[in-house]
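# Remarks on the overall topology
Here's the letter readout for the chains.
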Amino acid sequence: MNILLLGSGGRESALARKISESKRCSHLWIAPGNGGTDAYGTNVALSPLDFDAIKNFVAENAVDMIVVGNEDPLVAGIYDYFENDGVLVVGPSKAAAALEGSKDFAKGFMSRHGIPTAAYATFTAETLEQGKEFLATLKAPYVLKADGLAAGKGVLIIPDLAEAQDALAEMLAGQFGESSRKVVIEEFLSGIECSVFVLTDSNGGYRILPVAKDYKRVGEGDTGPNTGGMGAVSPVKFADAEFMDKVEKRIIIPTIEGLRKEGLTYRGFIFLGLINVDGEPKVIEYNVRMGDPETEVVMPRLASDLVDLLEGCAKGDLGDIPAEHDPRAAVTVIAVSGGYPGSYPKGKEITGCLTPADSLVFHAGTKKDAEGRILTSGGRVLAVTSYGDNLQDALAKSYKSLADIHFDGMAYRRDIGLDVINYKG
Ligand code: AMP
Ligand code: GLY
């Protein structure tokens, strides 16, 4: 089948590699792709949000299936746009994509279906005073979330009540534009997080993919500002059979049943951002796509054919298509541009070995110039993934491979995975 993958990050590189390995894939295009995705298919200069241009491309190139990497096209309704067009789209309908596109919708959904999550209330500018009073009833720290998409920046965790009340006023006055005209205030949950990915066909069929944990803060020891993600590991020791049984019964099945009861079509990846509170899983957030950088360890640990699974989802029947997990551990360490997540330079040449023997290098913020040189073009530049018998072994390989890669200002965390390795339940 002919497949069009939308996106340009490390996640899309890992998806592209896995799709290209399938015997079922005749041709893969990546739109727009990056400086490394042409190893797996053909990059095409299309914006993932330009649905009319995508439609023309699909018709001209007999594309059979569209796979969407990031949330924006899904929340903007790409599934619905192509629904009666003869091309399969892997993803949720626009209405179901509100699980990521609106925190208030997601919290309401969880409450309607008894899915464990932090207690919450939602406020608007009209109810600012009630919001301040609600904050005063909670214990510190205070969790404030912009309702809409805010490029990962819309969640504030504030230790002081007066500061949290001021932050609420600023958010409701439009600090994050339209996204924060509604604000969800949540009870703070304390525990260790993990990311669970599920593929669903909208007809009750689902498959659980390998569990991962990502590292969001820029600095070692989880310090400094939040980033898109500085690394990820899989498996996650504390997500053992007992924990995953609770996740499946209390969260995955009620989510899939809830979508069905509410008539929300969902044929794609569900990303459950979970927190383990003393052995009890609770949902921190839903995303309607794969995680980045989690995909860079989850796809390498998926031992089954991804194209079979994606087609099963998009056609609404996963049947008995397997999703086997590779028993090896996988880790990924992200090399970022100096200054990230603040401002950073672009166009730095990347030199050294980008095809190390012991690792897979997934390009993220890279581009190829006319002479074929690889240049930095984003904050997160490369994801260096390795397999190992355990996380330590895999990490040693990624760090060894990183030592042979260079660009001006290159930085990475040296402590990816240590909390999982040292976890005592
Ligand atoms: P979100 O965008 O909802 O995933 O939030 C970003 C990050 O904020 C999460 O990955 C958590 O680390 C943290 N967070 C969000 N909600 C809570 C909560 N209720 N309690 C504790 N931490 C939270
Ligand atoms: N790694 C978290 C995310 O993709 O949202």
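Procedures and definitions
- Residues numbered from 1 in each chain as written.
- Chains lettered and ligands numbered in written order.
- Predicted model: local features only at pLDDT ≥ 70, side-chain atom pairs only at ≥ 80, totals over all residues.
- Heavy atoms only, no water.
- 1 Å grid on protein atoms, 1.4 Å probe; cavity = no way out; pocket = protein on both sides within 12 Å on 5 of 7 lines; lining within 4 Å.
- Points joined across faces, edges and corners; volume = space filled by probe spheres on them.
- Helix = DSSP H or I, 4+ residues; strand = E, 2+ residues; numbered from the N terminus.
- Nonpolar A, V, L, I, M, F, W, Y, C, P; charged D, E, K, R; others polar.
- Near = heavy atom within 4 Å.
- Polar contact = N/O pair within 3.5 Å; in protein donor to acceptor, adjacent residues only side chain to side chain.
- Areas by Shrake-Rupley, 256 points an atom, 1.4 Å probe, with all protein chains shown as cover.
- Contact = heavy atoms within 4.5 Å.
- Patch = residues over 30% accessible without salt bridge, like charges linked within 9 Å, V, L, I, M, F, W, Y side chains within 5 Å.
- Salt bridge = Lys/Arg side-chain N within 4 Å of Asp/Glu carboxyl O.
- Lys, Arg positive; Asp, Glu negative; His and termini not counted.
- Charge placed at Lys NZ, Arg CZ, Asp CG, Glu CD.
- Buried < 20%, exposed > 50% of the residue type's maximum accessible area, 1.4 Å probe, protein only.
- Pairing = 2+ DSSP bridges.
- Expected span 1.5 Å × (residues − 1).
- Phe/Tyr/Trp six-rings, centres within 6.5 Å; stacked < 30°, edge-to-face > 60°.
- Lys NZ or Arg CZ within 6 Å of the ring centre and 35° of its normal.
- Axes fitted to C-alpha atoms, helices over the stretch in contact; angles between N-to-C directions.

Counted by the stated rule, this structure contains three cavities of 30 Å³ or more. Its volume calculated, the largest cavity comes out at about 70 Å³. If you go around the largest cavity, the residues you meet are L99, E100, K103, A106, K107, M110, K145, E186, I284, E285 and Y286. Put simply, the parts of the chain that give the lining of the largest cavity at least two residues each are α5 (94-101), α6 (103-112) and β18 (280-287). Counted by class, the lining of the largest cavity contains five nonpolar, no polar and six charged residues.

On to the site of ligand 1. Inspection of the region around ligand 1 gives 14 residues, with E186, E187, L189, E193 and E285 positioned closest. Contacts to ligand 1 include K145, whose side-chain N or O atom sits 2.9 Å from a nitrogen atom. Residue E193 places a side-chain N or O atom 2.5 Å away from an oxygen atom belonging to ligand 1. Isolated, ligand 1 exposes 470 Å² of accessible area, and the fraction of that covered by the protein chains is 87%. Contributions of two or more residues to the shell around ligand 1 are made by β7 (142-146), β8 (155-158) and β18. Its residues assigned to classes, the shell around ligand 1 shows seven nonpolar, no polar and seven charged.

Once that is clear, we can look at the side chain of H113. Note on placement: H113 falls in the loop between α6 and β6 (120-124). In this view, H113 contacts P254, G258 and E262; residues no more than four positions away in its chain are not counted.

Turning our eyes to something else, we now look at a negative patch on the surface. A contiguous patch of negative charge, built from D160, E163, D166 and E170, is present on the exposed surface. Its location among the elements puts E170 in helix α8 (residues 161-172). For E170, a relative accessible area of 49% translates into the label partly exposed.

Okay, the pairing of strand β15 (residues 231-234) next. Burial along β15 is two-sided: the face carrying G231 and V233 and the face carrying A232 and S234 are both buried. Note that strand β12 (residues 213-214) and β15 share two bridges and pair antiparallel. Paired with D214 across the strands is A232, a residue of β15. Sheet analysis places β15 next to strand β19 (residues 329-336), joined by four bridges and oriented antiparallel. If you follow G231 over to β19, its bridge partner there is V333.

Before going further, it helps to examine the layout of surface pockets. The space that makes up the second largest pocket amounts to roughly 180 Å³. Taken together, 13 residues form the lining of the second largest pocket, with G36, A39, Y40, V361 and H363 sitting closest to its centre. A per-element tally of the lining of the second largest pocket places strand β21 (residues 360-363) first, with three residues. When grouped by side-chain class, the residues that make up the lining of the second largest pocket number six nonpolar, four polar and three charged.

Time to look at α8. With twelve residues, α8 extends 17 Å between its outermost C-alpha atoms, agreeing within 8% with the 16 Å of an ideal straight helix rising 1.5 Å per residue. Buried residues in α8 make contact with β6, α7 (128-137), β7, β8 and β9 (182-186). Looking at where α8 begins, the residue whose side-chain oxygen comes 3.2 Å from the main-chain nitrogen of A162 is D160. Taken from the residues just after α8, G174 is the one with a positive phi, measuring 105°.

The next subject is the packing of aromatic side chains. Under the definition given, this model contains eleven aromatic pairs. Both rings, one in F238 and one in F243, keep their centres 6.0 Å apart while their planes meet at 85°; by these two values the pair is edge-to-face. Accessibility classification places F238 together with F243 in one group, the buried group. Every member of this aromatic cluster is reached through a ring pair, and the members are F51, Y81 and F82. A cation sits over an aromatic face here: K213 above Y215, 4.3 Å from the ring centre. Its end group placed over the ring of Y412, R414 keeps NZ or CZ at 4.1 Å from the ring centre.

Now for the sheet that holds strand β4 (residues 65-68). Spatially, the six strands line up as an open sheet ordered β3-β2-β1-β4-β5-β16, and their pairing is mixed. Either end of the sheet is taken by a strand with one partner, and the two such strands are β3 (42-43) and β16 (266-267). Relative to β3, strand β2 (residues 27-32) is paired through two bridges, and the arrangement is parallel. When the bridges of β3 are listed, W29 appears paired with T42. Contacts between helix α1 (residues 10-20) and the sheet are confined to β1 (2-7), β2 and β4, with β1 contributing the most and set at about 170° to the helix.

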